[in-house]
Structure formats: structure tokens, C-alpha cells
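An overview of the molecular structure
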Amino acid sequence: MNGSKVLPAPAENKLLSTLVVLGLALAMFGMPYDRSFSVHCLYVTVAIAAMDILARLIRDRCLPAVPRRAVRDLGLVGGGLLLLLVSQLYWLSTVSIAPPFDWMSIYLTKNCVFWACSTLLSGYVVLFNVRVLPCTRKVLLLLLTLALAVCAVKGLQQHWQGVGRISLKIGHPVPAGLVFATMTLIISGMALNGLKSLFSYLVITIAFICGSFLVSLTQTRSALIMVLMAAVVIIWKLAGLYRMRISTRPVVSALCLIVIVVVIAFLLNERFHNVYSDLYGYAHGDQGGSLGARLVMWKAGIHSFIVNPWGYSPTDRFAVIQPIIQDMTKNDPAVGSMISGYARHHVHNEIIEVMSLQGIIGLLGVMSFHVAMILLAWRKRIVNDMFRLFVGFLILFGVSDPLFDSDKVGLLVSLAIPLLIIMATSDQRTNSLERRQPSMAADSSSDSVDSTVIRS
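Computed from a prediction, not measured in an experiment: that's the story for all the values here. (Residues numbered from 1 in each chain as written. Predicted model: local features only at pLDDT ≥ 70, side-chain atom pairs only at ≥ 80, totals over all residues. Heavy atoms only, no water.)

Judged by nonpolar contacts, the single largest core of 104 residues is most densely connected at Phe369, Met386, Phe387 and Phe393. In terms of residue count, the dominant contributor to this core is helix H6 (residues 173-192) (13 residues). One finds Trp91, Ala293, Val347 and Leu357 within the second-largest nonpolar core, a separate group that totals 22 residues. (Core = buried A, V, L, I, M, F, W, Y, C linked by side-chain atoms within 4.5 Å. Buried < 20%, exposed > 50% of the residue type's maximum accessible area, 1.4 Å probe, protein only. Helix = DSSP H or I, 4+ residues; strand = E, 2+ residues; numbered from the N terminus.)

As C-alpha cells, then:
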């Protein structure tokens, strides 16, 4: 136009961004096999993302144009993680952590590094509009489904060897249940974007079969409720396709299999059968059950916060709550000793654990993280329904166990946030292209009609 040449847009390096996506997926799905591999994979992924960011900044000499809404939502992620990190570092700097509680400082230091990595990766995904090479989604789906199926086989082997609650290499059955539920969510969410193919229905069905089986073997009640939540959302989406008369037979088959698998998983989980007996025993003075012991620890933790709302060292906190636990279980000293052993690690609730140990500052940091995640999920601009489900997973998990008292859950959260954002932005681009194609077809048909009229 007017003799001026239009310069082509600079080519994107999809290879590096594809390596980032593959690194995140490998790090998450490698947790059941070797957590140290997952950690090193996260660090390598961050290094690749930093290289890509530096190369793009040198090439373009400016940050890319990003919608303000996306930048605000990215600020929610970074702000929530930053306040959480600052509150943890403040507590570490103000108390002395001596053995046998020195593991707390190790885990918190690792989590701070993980959160910094997650913030950088989330910013990379949103600010630079990450795109991947063709067929990356199908390759990932195939590899991740295979990894989950191998986990199911290894879990069955552990169960046959007499392990009551499996955890594979994750180390503990409770975070293992959260990891397996999140793996099921990631695979199902990736497959949802291509539901017109039989391959996607097969992947979703296999993911729920393996995920429900693994979570049932961990005997983690909250994780099984997470799988149920994911199943409800997936069934709702599949039912919507059924009403649209798209691939009727695969939809009905997938619906039936998911319902059957989740129901069987609930029936196999023996700990659900003990909920009523635990509550009944607690009401009649027996605190030896799982829920009864939790209620005792919650009361002791709240009391310690009332005594000193600015927090304790782990040794001082245990010195405060142990007499309270012993007083509440004075009719059964053996149960009191058992609950005191549990409380030496944590009081089995995210909010009460933080407020009783790290005080008001720690409580503000954790609440800012959860509020940021809820707002991000509610606004739904750079995330989708799968991220909403994951936020629900974290809240549900935090009711019965603390999230960030170990490096297992911290690593999982730092990997899941950028991976779910990548899935959401990829789905949004696909949906916008699908909406654009009919309009382009309509425009071309109208142009052909106009040209026919002109010729006539």
C-alpha cells in the first residue's frame, strides 16, 4: 500500500516453548517415579524459559503486547505467590528451628525456590503467548496416559506386597493422592479440547480408570472426593456433547465407564466407611479415630494461636499444644500419646497449622495465596475449568492436611499452575480459531455470490 513494504512478523521459536511444556509435563508425571528427577526437570525447564525470554527481548527490544486483563490476572498469580514466599521467609528469619524440627526449614526453603520458578514460568506463558509445535498435544497425551497406566501397575504391585496405603516414590499416601488426582485432571483437561476424535474419549476413560484406582489404593478420602469432582465436570461436558449429537456412541460409553469406575473406587476405599464410626466415637469420648484425632489437634492449634498470635518456633508450639492434647485425652493416655506424635509434625489443617505456628504474618501470606487463586479461577481469563477444579483440590486438601509443610505438595503446585495456564491459553486459541472459521467461510461464500451477481 502506497509503495511501502509490510515487514513480516518475527518468527516464534516454538521449539524452546515446546521444550518448556514437555519439561513441565515430565516433571509432574515423574513425581511418582523419582522426585529428584522432577526437581531437576523443573530447574532445566526454568533455564530454557529464561533463555527464550532473553532471546525474545534481545530480538524485539521490548515486552510483547499483552491484554491488560491477562497482565492483571498474571499479577494475581505472582502477587499471591510472592506474599506467601515473603511470609515464609519472615518466619524462618525470626525463629530458631532446632532438631527434631529442622526438616521444616529444609522444606520451606525448597518451596520458596519452587514458587519463584512457578512465578517465572507463569509469566513466560502469559506474556510471551507460548505456542508449541504441531502434534505436541497428542504426543503429550499418549506419553502422560502411558505414565499414569504404569503408575497404576506399580501401585498394584505395592498393594500385593502388603503396603496398606500406597505412595510409590512420592513418600506419603496423602500427597500421593493429590498428585494422582491432579495427573488425572491434567490428562482429562488436555483431551477435552479434541473431543471429536475417538482417541480423546479413550484417553479420558483410561485416565479415570487409572487415577481412581491409584487414589483408592492411597486410601486418601479427600483425593477421592477430588476425583469425583473432576468426574462430575467431565461428565457434564460430555453430556453437553451428547445433547449436541456429536459422536453419540463414544460419549455414552465414556459416561458409563467414568461413573462405574468412580463408584467402584468409593466402594473400595475403606476409610470412607469409618467416617461415621469416628464421629460417633468422638461424640462419646473416644478420640482415637482419624477424624477425632484431627478435631483434638485443631482445638489445640487454635488455643495456641489465642495464647500467642505472633507465632512460635516448632519446639515452643509443641510445648504449648502437648499439655492441651493430654488434658483433652486424659481418659485414654495411649490415645493422647498417639495424637501428640501426630501433632509433632502438624495439626492436620492448612489454616490452623499456619496460624498456630507462623502467627498472623504467616496466616496473611497463606490467605493471600488462596484468595489470589480463587480470584484467578473466578475471572477465568487466562485459566479454564480445569484450573478451577485444581483450586478446589487445594482448598479441599487443606481442610484435613497442610499444603506447604513438605516439598511434595509445594513441587506439585509449582508445576501445576503454569501447566494449567498453558492448557487454558492453548484451548482459548483453538476455540477462537474454530469460531473464526465459520465467519471466514460465510464471508467467502458471500463474496462468491457477489461476484456471480456482477458477472450476470
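We are not done yet, so read on.
Locating Phe305 in the fold gives a position in helix H12 (residues 290-307). On the accessibility criterion, Phe305 (17% relative accessible area) is buried. Ignoring sequence-local partners within four residues, the contact set of Phe305 consists of Met355, Ser356, Gly359 and Ile360. (Contact = heavy atoms within 4.5 Å.)

Within the secondary structure, Val413 is located in helix H18 (residues 407-455). Take Val413: its relative accessible area is 0%, and that puts it in the buried class. Residues Val413 and Trp115, 298 residues apart in the sequence, show an inter-C-alpha distance of 8.3 Å. When residues no more than four places from it in sequence are discounted, the contact partners of Val413 are Ser118, Phe369, Phe390, Leu394 and Phe404.

Time to look at the packing of helix H5 (residues 136-160) against helix H7 (residues 198-218). Running from N to C, H5 and H7 point in directions that differ by 30 degrees, and their axes come no closer than 9 Å. By the angle between their axes, H5 is roughly parallel relative to H7. Crossing angle aside, the handedness with which H5 passes H7 is left-handed. Touching Lys138, Leu141, Leu142, Thr145, Leu148, Ala149, Cys151, Ala152, Gly155, Leu156 and His159 of H5 are Phe199, Val203, Ile206, Ala207, Cys210, Gly211, Phe213, Leu214 and Leu217, all from H7. (Axes fitted to C-alpha atoms, helices over the stretch in contact; angles between N-to-C directions. Parallel < 35°, antiparallel > 145°, perpendicular 65-115°, else oblique. Left-handed = near helix turned anticlockwise from the far one by under 90°.)

The next thing to look at is the pattern of salt bridges. A complete count under the given rule lists 6 salt bridges for this structure. The salt bridge partner of Asp407 is Arg35, with a shortest N-O separation of 3.2 Å. With Asp407 in helix H18 and Arg35 in helix H2 (residues 35-60), this residue pair connects regions lying 372 residues apart in the sequence. The class for Asp407 is buried, based on a relative accessible area of 7%. Across the pair Asp407 and Lys110 runs a salt bridge, and its minimum N-O distance is 3.5 Å. (Salt bridge = Lys/Arg side-chain N within 4 Å of Asp/Glu carboxyl O.)

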